[in-house]
Each structure stands twice: as C-alpha cells, then as structure tokens.
Amino acid sequence: MRIAITRAVSPSIADCELTHLERSPIDLDVARAQHAAYEAVLADLGCRVERLQVEPDLPDSVFVEDIAVVLDEVAIITRPGAESRRGERSSIQRALEPHRRLEHIRAPGILDGGDVLVVQKDIYVGLSTRSDDEAVRQLKLIVADLGYTVTGVEVRGCLHLKSAVTAVSEDTLLINPDWIDATDLPGHAFIQVDPAERSAANVVRVGDTVLFAAAFPRTGERISAAGFDVQPVDASELAKAEGALTCCSLIFEAPDRN
C-alpha cells in the first residue's frame with residue numbers, strides 16, 4: 001500500500017513565504033480545486049490519501065513535503081528554514097508516527113524537505129536559503145547505519161533542490177542545468193527541461209507514472225519521448241506560492257506489518 005499525506009490549502013495562503021517570486025493574487029477557490037484534483041490523481045494511481053486538517057494560521061502548510069523526509073526505515077522531521085513554518089511540524093509528526101520511527105533535525109540546522117532528493121540509496125541535499133551544511137551533518141548521522149550516502153549539492157536561482165531536479169525513475173533525473181550542475185549527481189541519466197520552461201523540473205513519480213505540471217507541456221513531451229508514462233496536473237495557483245507538485249504530498253510505502 002502506497003500512502004500519500006496531504007493537507008488542505010490554508011485560507012491564509014496569500015501570506016505565504018516567497019523568495020524568488022513577486023507576490024501575486026492567489027485565487028483560494030481555484031487553488032483548492034486544483035489541489036483536490038491532484039489528490040484525486042494520487043488516489044487513482046493507487047495511493048491511500050491521508051488528508052490532514054487545514055491549518056488556518058499557517059499559510060504554507062499545504063506544502064507538507066518540506067516538513068519531513070520519509071525513507072523506508074525512518075522519517076526525519078525537518079527544521080524548516082523559514083521560521084514561520086516550524087509550527088507545521090507537530091501535525092506532520094502525528095501523521096507519520098503510525099508509519100515510521102521518527103528522528104528530528106535539531107537547531108541550529110535548517111532543512112526543508114523540498115531540498116532532499118532520494119534516489120535509491122543516494123540522498124542529495126540542496127544547500128539553499130532553506131537548508132544548510134549542519135542539517136547535512138545531522139542527516140548523515142541519522143542514516144549512518146542504513147546504507148545511504150548523503151551529499152550536499154549547491155543550488156542557484158531557485159528555492160529548493162527539487163525545483164531544479166527530480167527523479168522520473170530510479171536511474172533517470174529531470175534537470176534544469178541552469179540551477180544545478182549535473183556533475184554533482186553522478187551515475188544518472190538526465191532529461192533536460194525545455195529551455196522555455198525553466199521551472200519544469202519538479203515532477204512526481206507514482207509507480208510507473210510521472211506527474212508533471214500542466215503549465216510545462218514541452219517538458220512533458222520530452223519525458224514522454226524518453227519512454228515514460230506521463231500525466232499533466234494543473235497546479236498553477238499554488239505555483240504562485242512557490243509551490244510545486246512534490247511539495248503537496250509525502251508519498252511512501254506503508255510499513256510491512258508481517
């Protein structure tokens with residue numbers, strides 16, 4: 001069973017944190033409708049969607065990915081780089097407790113889940129305005145006995161590592177080479193985003209299907225041409241809050257109870 005933890009869009013999302021975008025109006029009704037459609041796609045692809053209650057006073061709380069890193073063996077509760085987001089942690093912790101042993105990133109380290117890309121046993125951590133070397137050090141200690149390699153990767157021009165690169169399979173990554181150097185992620189094949197779609201590198205892989213943002217059809221065509229099953233998802237309103245497809249869910253396999 002594959003689980004997807006999501007959260008409803010906060011009515012205060014207009015007050016979200018922004019780093020690389022100018023603030024523009026967000027239509028709350030449209031954002032909620034698009035998010036519900038996203039959840040429906042996850043359910044159609046076999047996920048058991050566990051939707052958390054809305055957090056009216058936490059504008060960015062729909063972006064649940066930033067609050068945890070979920071591995072097969074353990075879930076790590078992060079310490080978000082934006083102080084305004086640290087109140088999101090308690091509800092995510094409660095949601096994950098039935099599924100995983102929990103560890104935590106501690107002060108002074110900062111880590112957003114959007115900066116963490118897990119590809120098999122390789123964990124890449126974006127060194128950005130939201131995540132730092134101290135969090136990389138702590139993450140290495142947490143997974144020291146689990147067989148993972150943790151590597152810090154410099155990110156430029158975008159909010160998170162997964163703004164610049166995500167996985168379309170266990171050995172192929174989708175990348176914007178303007179925002180990250182492919183040489184920092186050796187041993188993988190790469191598909192480059194269409195040059196006209198700089199923000200297209202964020203996709204969600206669910207089983208054999210790759211969800212891509214409907215705003216980036218040319219990049220979707222590139223992924224399809226490489227032999228992958230693709231499905232567009234409209235996330236245009238949450239994109240105004242610097243959110244992307246991976247941001248809106250925590251997807252993982254349910255623990256084996258046998």
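Our subject is the structure that appears above.
Residues numbered from 1 in each chain as written. Predicted model: local features only at pLDDT ≥ 70, side-chain atom pairs only at ≥ 80, totals over all residues. Heavy atoms only, no water.

Participant: Help me understand the overall build of the protein in this model?
Facilitator: When helices and strands are counted, the protein shows six helices and 15 strands. Rg of the C-alpha trace for the protein: 17 Å, near the compact-globule value of 18 Å for 258 residues, within the 12% margin. Out of the 258 residues in the protein, the part that is buried amounts to 52%. Residue pairs in contact within the protein that sit at least 24 positions apart in sequence constitute 69% of those at least 6 positions apart. Summed over all atoms, the accessible surface of the protein reaches about 11200 Å², with 47% contributed by carbon and sulfur. Charged side chains of the protein number 26 positive and 42 negative; the gap between the two group centres comes to 4 Å. (Helix = DSSP H or I, 4+ residues; strand = E, 2+ residues; numbered from the N terminus. Rg over C-alpha atoms; globule rule 2.2 N^0.38 Å. Buried < 20%, exposed > 50% of the residue type's maximum accessible area, 1.4 Å probe, protein only. Contact = heavy atoms within 4.5 Å. Areas by Shrake-Rupley, 256 points an atom, 1.4 Å probe, with all protein chains shown as cover. Lys, Arg positive; Asp, Glu negative; His and termini not counted. Charge placed at Lys NZ, Arg CZ, Asp CG, Glu CD.)

Participant: Looking at this structure, how should I read the nonpolar core?
Facilitator: A general trend in soluble globular proteins is that nonpolar side chains are found buried together. Residues Ile 13, Tyr 38, Leu 42, Phe 63, Leu 211 and Leu 238 are the most contacted members of the largest nonpolar core, which totals 21 residues. Among the elements of the structure, helix 1 (28-44) and strand 12 (204-206) are those that each provide at least two residues to this core. At four residues, the largest contribution of residues to this core is made by helix 1. Aside from chain neighbours lying at most four places away, what touches Tyr 38 is Val 204, Val 233, Leu 245, Cys 248 and Ser 249. Within the second largest apolar cluster, 17 residues are counted, among which are Val 69, Val 74, Ile 123 and Tyr 148. (Core = buried A, V, L, I, M, F, W, Y, C linked by side-chain atoms within 4.5 Å.)

Participant: Any chance you could explain the sheet that holds strand 1 (residues 2-7) here in plain terms?
Facilitator: Across a sheet, paired strands are connected by hydrogen bonds in the backbone, their directions being either parallel or antiparallel. Taken in spatial order, the three strands line up as 2-1-15 in an open sheet, and their pairing is mixed. Since the sheet does not close on itself, it has two edges, and those belong to strand 2 (47-52) and strand 15 (250-253), each with one partner. Here the average twist between neighbouring strands, direction ignored, is 20°. Sheet topology note: the strand 1/strand 15 ladder contains four bridges and is antiparallel. Bridge pairing links Ile 3 to Phe 252 in strand 15. (Pairing = 2+ DSSP bridges. Axes fitted to C-alpha atoms, helices over the stretch in contact; angles between N-to-C directions.)

Participant: I tried to follow helix 2 (residues 89-96) on my own but got confused; where do I start?
Facilitator: The α-helix advances 3.6 residues per turn, and as a result positions three or four apart in sequence lie on the same side. Turning to helix 2, its buried residues number three or more, namely Ser 91, Ile 92, Ala 95 and Leu 96. End-on view of helix 2: buried residues confined to an arc of 130°, all on one side of the axis. Elements in contact with the buried residues of helix 2: strand 1, strand 2, strand 3 (68-70), strand 4 (75-77), strand 5 (102-104) and strand 15. (Arc of directions from axis to C-beta.)

Participant: Can you walk me through helix 3 (residues 133-142) in this structure?
Facilitator: Turning to helix 3, its buried residues are Ala 135, Val 136, Gln 138, Leu 139 and Ile 142. For helix 3, the buried positions fall inside an angular range of 165° around the axis, keeping them on one side. Set apart from the buried face of helix 3 by more than 90 degrees, the exposed residues are Asp 133 and Leu 141. Looking at the buried side of helix 3, the elements it contacts are strand 4, strand 5, strand 7 (122-127) and strand 8 (149-154).

Participant: What is the right way to look at the side chain of Arg 86 in this model?
Facilitator: Along the polypeptide, Arg 86 turns up in the loop between strand 4 and helix 2. Despite its burial, Arg 86 remains without a salt bridge, the nearest opposite charge being carried by Glu 83 at 4.9 Å. One polar contact links the side chain of Arg 86 to the main-chain carbonyl oxygen of Pro 80, over a distance of 2.9 Å. Excluding anything up to four places from it in sequence, Arg 86 contacts Arg 79, Pro 80, Gly 81 and Ile 110. (Salt bridge = Lys/Arg side-chain N within 4 Å of Asp/Glu carboxyl O. Polar contact = N/O pair within 3.5 Å; in protein donor to acceptor, adjacent residues only side chain to side chain.)

Participant: Honestly, the environment of Arg 48 in this entry has me stumped. Any pointers?
Facilitator: Along the chain, Arg 48 falls in strand 2. With relative accessibility at 37%, the residue Arg 48 sits in the partly exposed group. Looking at Arg 48, its side chain comes within polar contact range of the side chain of Glu 50, at 2.7 Å.

Participant: Is there a simple way to explain the pattern of salt bridges in this structure?
Facilitator: Where charged atoms from two side chains of opposite charge come close, those side chains can pair. Under the defined criterion, the tally for this structure stands at 15 salt bridges. When the shortest N-O distance is used, the salt bridge between Arg 51 and Glu 39 registers 2.9 Å. Remark: Glu 39 occurs in helix 1 and Arg 51 occurs in strand 2; sequence separation between them is twelve residues. Across the salt bridge formed by Arg 48 and Glu 50, the nearest N and O atoms sit 2.7 Å from each other. When salt bridges that share partners are traced, they join Asp 66, Arg 85 and Glu 88 into one network.

Note that all results are geometric; they support no functional claim without further evidence.
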